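# Coordinate analysis (summary)
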Amino acid sequence: MQLYIHFLGTGGSWPTVQRNVSAVAIKRGGEIILFDCGEGTQRQFQKSKLSYMQITKIFITHFHGDHFLGLPGFIQTLQLNDREQPLHIYGPKGIKELVYQILHLGYFRPSFPIFAHEVKDGDAIEFEGYKIKVANACHNVPALAYSLEENKRPGKFNKKKALELGIPEGPLFRKLQYGESVEINGKIITPDMVLGKPRPGRKITISGDTMPCRSVVKLASKSDVLIHDATFDSSLEERAREYGHSTAAQAAMVAKEAKVEKLFLTHISPRYKNAELLENEARKIFPNSYVANDFMEIEVKLKK
Ligand SMILES: [Zn+2]
Ligand SMILES: [Zn+2]
């Protein structure tokens with residue numbers, strides 16, 4: 001199954017010509033999971049290759065405007081496009097009230113089911129093939145970080161071993177590959193006899209707005225991709241602390257400590273017309289660092 005990350009809004013605080021406010025979409029197979037929904041996110045979708053009709057779930061990190069003000073317009077756009085399937089919106093305590101208010105703005109009444117779910121630090125919400133883990137971030141208001149973690153895949157199938165055990169090539173191979181035991185000449189063959197060790201799935205962590213934070217390091221442990229707040233460069237570290245954000249160097253330290261594969265810096269302050277400064281700063285600490293830009297698309301491949 002293919003998995004892509006689409007950056008739809010990589011700016012901090014307010015939309016600029018270069019960057020819209022926070023939104024990142026993960027496309028996994030035919031499903032899109034959206035993390036944060038800044039103003040104008042539905043327009044960002046239209047400028048990307050994605051269809052917003054494929055969204056099944058939206059996860060909101062916190063209730064600063066640049067992370068959720070896109071929700072009312074987004075929901076109304078879905079309705080005008082005749083959406084019928086349900087939409088699930090997850091977020092910190094207060095998300096139910098917020099969604100209720102959104103659904104009672106002006107004359108709007110939704111014609112498709114919308115469910116709001118409050119989630120908290122330590123939650124792991126199971127879906128088909130993956131789970132979303134939740135941890136507290138360290139911001140100046142209650143804020144959450146999320147990680148999408150795929151289930152382990154069965155180990156590699158050892159064909160030679162299977163043939164040696166007298167299993168004929170064909171449907172019995174498939175049964176074993178899917179974890180079922182089979183019987184051959186009165187002998188039971190269990191999957192572990194022909195399968196290698198389970199292989200890890202992919203893991204992507206989204207910090208949301210945060211200072212360097214212990215619980216985010218823990219959540220991000222060994223992620224394939226970490227998407228982390230890097231609002232400022234190191235010369236503004238004091239300011240970063242004051243507003244509950246990270247510098248690029250701090251994001252890189254989190255990436256290093258969490259032993260992730262790749263770091264994307266996001267929530268870039270509007271003051272940086274060219275964010276190369278942030279990328280260079282991060283790379284000194286964690287070489288595999290990149291500044292995320294709007295409409296950047298990253299494929300995350302399964303490890304062999
Ligand atoms: Zn923000
Ligand atoms: Zn914020």
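Rules used in this analysis
- Residues numbered from 1 in each chain as written.
- Chains lettered and ligands numbered in written order.
- Predicted model: local features only at pLDDT ≥ 70, side-chain atom pairs only at ≥ 80, totals over all residues.
- Heavy atoms only, no water.
- Phe/Tyr/Trp six-rings, centres within 6.5 Å; stacked < 30°, edge-to-face > 60°.
- Helix = DSSP H or I, 4+ residues; strand = E, 2+ residues; numbered from the N terminus.
- Buried < 20%, exposed > 50% of the residue type's maximum accessible area, 1.4 Å probe, protein only.
- Lys NZ or Arg CZ within 6 Å of the ring centre and 35° of its normal.
- Core = buried A, V, L, I, M, F, W, Y, C linked by side-chain atoms within 4.5 Å.
- Disulfide = S-S within 2.5 Å.
- Salt bridge = Lys/Arg side-chain N within 4 Å of Asp/Glu carboxyl O.
- Donors = N, O, S within 2.8 Å, 3.2 Å for Na, K, Ca; no water.
- Tetrahedral: all angles 85-135°; square planar, octahedral: opposite > 155°, others 65-115°.
- 1 Å grid on protein atoms, 1.4 Å probe; cavity = no way out; pocket = protein on both sides within 12 Å on 5 of 7 lines; lining within 4 Å.
- Points joined across faces, edges and corners; volume = space filled by probe spheres on them.
- Nonpolar A, V, L, I, M, F, W, Y, C, P; charged D, E, K, R; others polar.
- Pairing = 2+ DSSP bridges.
- Right-handed = clockwise from strand over helix to strand, strands pointing away.

### Description of the packing of aromatic side chains
In this description, a pair of aromatic rings is defined by centroid distance and the angle of the planes. Taken as a whole and judged by the stated rule, the model has 13 aromatic pairs. Here F59 and Y90 contribute two aromatic rings whose centre-to-centre distance is 4.5 Å and whose plane-to-plane angle is 10°, an arrangement assigned as stacked. Placement of F59 in strand β4 (residues 55-59) and of Y90 in strand β5 (residues 87-91) is noted, with a sequence separation of 31 residues between them. Note on accessibility: F59 and Y90 belong to one class, buried. Ring geometry for Y90 and F127: centres 6.1 Å apart, planes at 85°, overall edge-to-face. Within this pair, whereas Y90 is found in strand β5, its partner F127 is found in strand β7 (residues 124-127), the two being separated by 37 residues in sequence. Judged by its relative accessible area of 18%, F127 is buried. Counting every residue linked through ring pairs, the aromatic cluster contains F35, F59, Y90, F127, Y130 and Y146. Its end group placed over the ring of F127, K57 keeps NZ or CZ at 4.1 Å from the ring centre.

### Re the nonpolar core
Nonpolar side chains tend to gather and get buried jointly when the protein is soluble and globular. In terms of nonpolar packing, the biggest core is built from 28 residues, with L34, F45, I55, L71, I75 and I89 touching the most fellow members. Residue assignment for this core shows that the elements contributing at least two residues are β2 (23-28), β3 (31-35), β4, α3 (71-80), β5, α4 (95-102) and β6 (114-118). In this structure, L3, V134, I204 and I298 belong to the second largest nonpolar core, which totals 26 residues.

### Some details on the state of the cysteines
By the definition in use, this model includes 1 disulfide. Disulfide pairing places C138 opposite C213 at an S-S distance of 2.1 Å. The disulfide joining C138 to C213 has a torsion of about 55° about its S-S bond and is therefore right-handed. With C138 in the loop between β8 (130-136) and β9 (144-150) and C213 in the loop between β12 (203-206) and α7 (214-220), this residue pair connects regions lying 75 residues apart in the sequence. Taking the relative accessible area as the measure of exposure, C213 reaches 4% and is therefore buried.

### Notes on the pattern of salt bridges
Under the definition given, this model contains 13 salt bridges. Salt-bridge contacts for K203 lead to E149; the nearest nitrogen and oxygen are separated by 3.9 Å. Linking K203 in strand β12 with E149 in strand β9, this pair joins segments that are 54 residues apart in sequence. An identical accessibility class is assigned to K203 and E149; each is buried. K159 is the salt-bridge partner of E169, the closest N and O atoms lying 3.3 Å from each other. Taken together, the positions of E169 in the loop between α5 (159-164) and α6 (171-177) and K159 in helix α5 put the pair 10 residues apart, joining distant regions of the chain. By relative accessible area, E169 is classed as exposed at 53%. Given the relative accessible area of 39%, K159 is considered partly exposed.

### A word on the coordination of the zinc ion (ligand 2)
Around the zinc ion (ligand 2), the protein contributes the donor atoms H62 (NE2), H64 (ND1), H139 (NE2) and D209 (OD), at 2.1 to 2.3 Å from the metal centre. If you look at the zinc ion (ligand 2), its 4 donor atoms make angles of 90 to 167° with each other, and the shape they trace is irregular. In this structure, the zinc ion (ligand 2) lies 3.5 Å away from the zinc ion (ligand 1), the two metals sharing D209 as a donor. A relative accessible area of 0% means that H62 is categorised as buried.

### Digging into the layout of surface pockets
Remark: the empty space left among the atoms is shown by a probe the size of a water molecule rolled over them. The volume enclosed by the largest pocket comes to roughly 230 Å³. As for the largest pocket, its lining consists of 16 residues, of which S13, T231, F232, Y243 and H245 are closest to the centre. Residue composition of the lining of the largest pocket, by class: 4 nonpolar, 8 polar and 4 charged.

### What to know about the coordination of the zinc ion (ligand 1)
Of the protein atoms, only D66 (OD), H67 (NE2), D209 (OD) and H267 (NE2) coordinate the zinc ion (ligand 1), at distances of 2.1 to 2.2 Å. Classification of the site at the zinc ion (ligand 1) as irregular follows from its 4 donor atoms and the range of 85 to 172° in their angles at the metal. Positions of the donor residues of the zinc ion (ligand 1), expressed as sequence spacing, correspond to D-H-x141-D-x57-H.

### Description of the pairing of strand β14 (residues 262-266)
Counting buried residues along β14, 4 of its 5 residues qualify, which places the element largely inside the surrounding structure. Pairing of strand β13 (residues 225-229) with β14 involves 5 bridges; the strand directions are parallel. Note on β14: the bridge partner recorded for H228 is L265. Judged from the 3 bridges that link them, β14 and strand β15 (residues 289-291) form a sheet pairing that is parallel. Bridging across to β15, L263 finds its partner in S289. A crossover links β14 with its parallel partner β15, the connecting element being helix α10 (residues 276-285), and its sense is right-handed.

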